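A look at the structure
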Amino acid sequence: MARHIPQGAIGWLLPVALVAVWEAASRLGEIPANVLPAPSGVVAAAVRLARTGELAQNIGVSTLRALSGFVVGGGIGLALGLANGLSSLSERVTDTTLQMIRNVPHLAMIPLVILWFGIDEEAKLFLVALGVFFPIYINTLHGIRGVDPQLVEMGRVYGMSPARLFWRVILPGALPSIFVGLRYALGIMWLTLIVAETISASSGIGYMAMQAREFLLVDVVVLSIVIYALLGKLADSVARLLERLSLQWHPAFQTR
Amino acid sequence: MSTLALQRAADALDLSARADAPGPPPGLPVTVRGLRKAFGETEVLAGLDLHIPAGQFVAVVGKSGCGKSTLLRLMVGLDTPSAGEVRVGSERAAARASRLMFQEPRLLPWARVVANVEVGLDPAIPAAQRREQALQALREVGLDDRAGEWPSVLSGGQKQRVALARALVSRPRFLALDEPLGALDALTRIEMQGLVERIWTAQRFTAVLVTHDVGEAVALADRILVIDAGRVALDLPVDVPRPRRRGDPGLAALEGRIIGHLFNDQGLGI
Ligand SMILES: Nc1ncnc2c1ncn2[C@@H]1O[C@H](COP(=O)(O)OP(=O)(O)O)[C@@H](O)[C@H]1O
Ligand SMILES: [Mg+2]
């Protein structure tokens, strides 16, 4: 029987069944609506908020925050990771400091960040950037350190210039590890944003959830959670797609 | 490697030999004078002298750790000597006209087979011409039909043939080979030996082959060098005409003599 179901569909059987059971239980009154609304109720809330334009606006604000923080923190992490992987001088100057700062959980900085930036955009950007910096930095550094020295030697024997050696040998060799960092950083990016928006914001998905909590709109709270989950899944899928496209040579990504 | 592929490789070689009528540029003579190389306290090469005439095929044998790889790296200019000098042609050991082939294929896993061969060419050459030359080199090793593959799908012997194509695509005038067949199984190794000999016969570069297989050395080389205590301990010509037959009594006698020399200080223990 399983033979007749497309491969991709099998994974969806269980979630669909769970949602169906949840819907049925809500309709039969087993789950009170003020504890957990029915899936159809959540969809209705989504439609309602979409009509007013609130939903699109809040998703837009949150996505922009997430991505700008990611670009800033990830960019710095990548640059420092490359610099420290390629230059032992740069590494000796900065690595110890970075490893020390790494031991401070970035979310512990929230009170300080609120003191500095209030609830302005800078606060969210700073926290997200700080959160994504380390996974990208560490994995870029490890990726470069892990490049096969025999290949680097081969490049030198074949007369590659330093720039060519970087683009043809070192960067492609470090890429699988950089992607590991990227996907890990995306997870941290959403997590940081959720916490930051829940604590201090005047727009965005987290703000929408906190507002709804004050007015006991459970359906909107659940909708916010679902949206976070979908955005996280979307970001991960995009990262996987990029990984698949750029690591075609890797045996783990070859279809045959 | 199929017989068919080998046949095609042989045909491609004949064609290329005929194509550039006066023949490709002949090999460069290599001269080594008073070559020393020390790593910290230990002196690996202790004043080695050697002259290799243009186009000669030399095999270097010696016990593990006696400095064979060190010698090759100095010959292609990958390391600098502690004292003495290496001259390839009229220049000091320079990477330009020399190529080094390693025991491992060292292909870039993220580049297709043909792109890996192009690594051996000057990036200043126009892309279309580079591609054409790389395909020609792949034809010579009988792998032109795998040009578009990733290296990870090739067998060990095929990967080493791609590495050979990469080493030869720029038509080097001096080729150094550091146990290039050492990691291959016995049958693949015999096929590869035939391929190396055919390509050398067609292109006439100067070749220095380091090998731990004395049988391989006597089958391929014009001359055998045994390295011991940082110097050339034995320098023997191989006067058996080509094509050579495996199991030729002359070769077998020579092989026995070299093995005897390698072990003469402690005997064979049998
Ligand atoms: N970069 C290096 N640093 C220190 N010692 C080295 C280095 N390269 C080679 N050696 C030493 O030099 C000796 C000769 O090495 P090598 O030329 O690789 O030997 P072979 O190729 O004949 O087996 C060995 O004892 C080895 O440990
Ligand atoms: Mg060696």
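Residues numbered from 1 in each chain as written. Chains lettered and ligands numbered in written order. Predicted model: local features only at pLDDT ≥ 70, side-chain atom pairs only at ≥ 80, totals over all residues. Heavy atoms only, no water.

This paragraph deals with the pairing of strand 1 (residues 30–39) of chain B. All names here are of chain B. Judged from the 8 bridges that link them, strand 1 and strand 2 (residues 42–52) form a sheet pairing that is antiparallel. Paired with Leu-35 across the strands is Leu-48, a residue of strand 2. The hairpin formed by strand 1 and strand 2 contains 2 residues between the paired strands, and Gly-40 there has a positive phi angle of roughly 65°. One ladder, built from 5 bridges, connects strand 1 with strand 4 (residues 83–88); its direction is antiparallel. Residue pairing across strands places Arg-36 opposite Ala-83, the latter belonging to strand 4. (Pairing = 2+ DSSP bridges. Helix = DSSP H or I, 4+ residues; strand = E, 2+ residues; numbered from the N terminus.)

Okay, the packing of helix 6 (residues 121–145) of chain A against helix 8 (residues 162–199) of chain A next. Two numbers describe a pair of packed helices, the interaxial angle and the distance between the axes. Residues and elements named next belong to chain A. Interaxial distance between helix 6 and helix 8 falls to 7 Å at its minimum, and their mutual angle equals 160°. Looking at the two axes, helix 6 sits roughly antiparallel to helix 8. Here helix 6 and helix 8 pass one another in a crossing that is right-handed. For the contact of helix 6 with helix 8, the per-class residue count stands at 17 nonpolar, 9 polar and 1 charged. (Axes fitted to C-alpha atoms, helices over the stretch in contact; angles between N-to-C directions. Parallel < 35°, antiparallel > 145°, perpendicular 65-115°, else oblique. Left-handed = near helix turned anticlockwise from the far one by under 90°. Nonpolar A, V, L, I, M, F, W, Y, C, P; charged D, E, K, R; others polar.)

Next up on the list: the pairing of strand 8 (residues 206–210) of chain B. All names here are of chain B. Extensive coverage of strand 8 is indicated by the burial of 5 of its 5 residues. Of the two faces of strand 8, the one lined by Thr-206, Val-208 and Val-210 and the one lined by Ala-207 and Leu-209 are each fully buried. Sheet topology places strand 3 (residues 57–61) next to strand 8; 4 bridges connect them, and they run parallel. Bridge pairing in strand 8 places Phe-57 opposite Ala-207. Two elements, strand 7 (residues 174–178) and strand 8, share 5 bridges in a ladder whose sense is parallel. Bridge pairing links Asp-178 to Val-210 in strand 8. In this fold, strand 7 hands off to helix 6 (residues 186–203), which returns the chain to strand 8; that crossover is right-handed. (Buried < 20%, exposed > 50% of the residue type's maximum accessible area, 1.4 Å probe, protein only. Right-handed = clockwise from strand over helix to strand, strands pointing away.)

Inspection of every chain in the model, using the stated rule, returns 8 aromatic pairs over all chains. Ring centres 6.2 Å apart and planes at 90° place the aromatic pair Trp-116 of chain A and Phe-117 of chain A in the edge-to-face group. In this structure Phe-117 of chain A comes out as partly exposed when scored by relative accessible area, which is 26%. Arranged with centres 5.7 Å apart and planes meeting at 45°, the rings of Phe-117 of chain A and Phe-126 of chain A form a pair that is tilted. Among the residues examined, Phe-126 of chain A registers a relative accessible area of 26% and is labelled partly exposed. A connected cluster of aromatic rings, assembled from ring pairs, spans Trp-116, Phe-117 and Phe-126 of chain A. Note that Arg-112 of chain B overlies the ring of Trp-150 of chain B, its terminal NZ or CZ placed 3.8 Å from the centroid. A cation sits over an aromatic face here: Arg-204 of chain B above Trp-200 of chain B, 4.4 Å from the ring centre. (Phe/Tyr/Trp six-rings, centres within 6.5 Å; stacked < 30°, edge-to-face > 60°. Lys NZ or Arg CZ within 6 Å of the ring centre and 35° of its normal.)

Residue and element names in this part refer to chain B. Surveying the vicinity of ligand 1 reveals the residues Phe-39, Val-44, Ser-64, Gly-65, Cys-66, Gly-67, Lys-68, Ser-69 and Thr-70. The backbone of Gly-67 places a nitrogen or oxygen atom 3.0 Å from an oxygen atom of ligand 1. Between Lys-68 and ligand 1, the recorded distance is 2.8 Å, taken from a backbone N or O atom to an oxygen atom. For the shell around ligand 1, the element with the highest residue contribution is helix 2 (residues 68–75), accounting for 3 residues. Of the residues in the shell around ligand 1, the class split is 3 nonpolar, 5 polar and 1 charged. (Near = heavy atom within 4 Å. Polar contact = N/O pair within 3.5 Å; in protein donor to acceptor, adjacent residues only side chain to side chain.)

Take the pattern of salt bridges next. Going through the model one piece at a time under the given rule, you end up with 24 salt bridges over all chains. Arg-145 of chain A is the salt-bridge partner of Glu-91 of chain A, the closest N and O atoms lying 2.5 Å from each other. Taken together, the positions of Glu-91 of chain A in helix 4 (residues 88–102) and Arg-145 of chain A in helix 6 put the pair 54 residues apart, joining distant regions of the chain. Residue Arg-145 of chain A is classed as partly exposed on the basis of its relative accessible area, which comes to 46%. Between Arg-33 of chain B and Glu-85 of chain B there is a salt bridge, and its shortest N-O distance comes to 2.8 Å. (Salt bridge = Lys/Arg side-chain N within 4 Å of Asp/Glu carboxyl O.)

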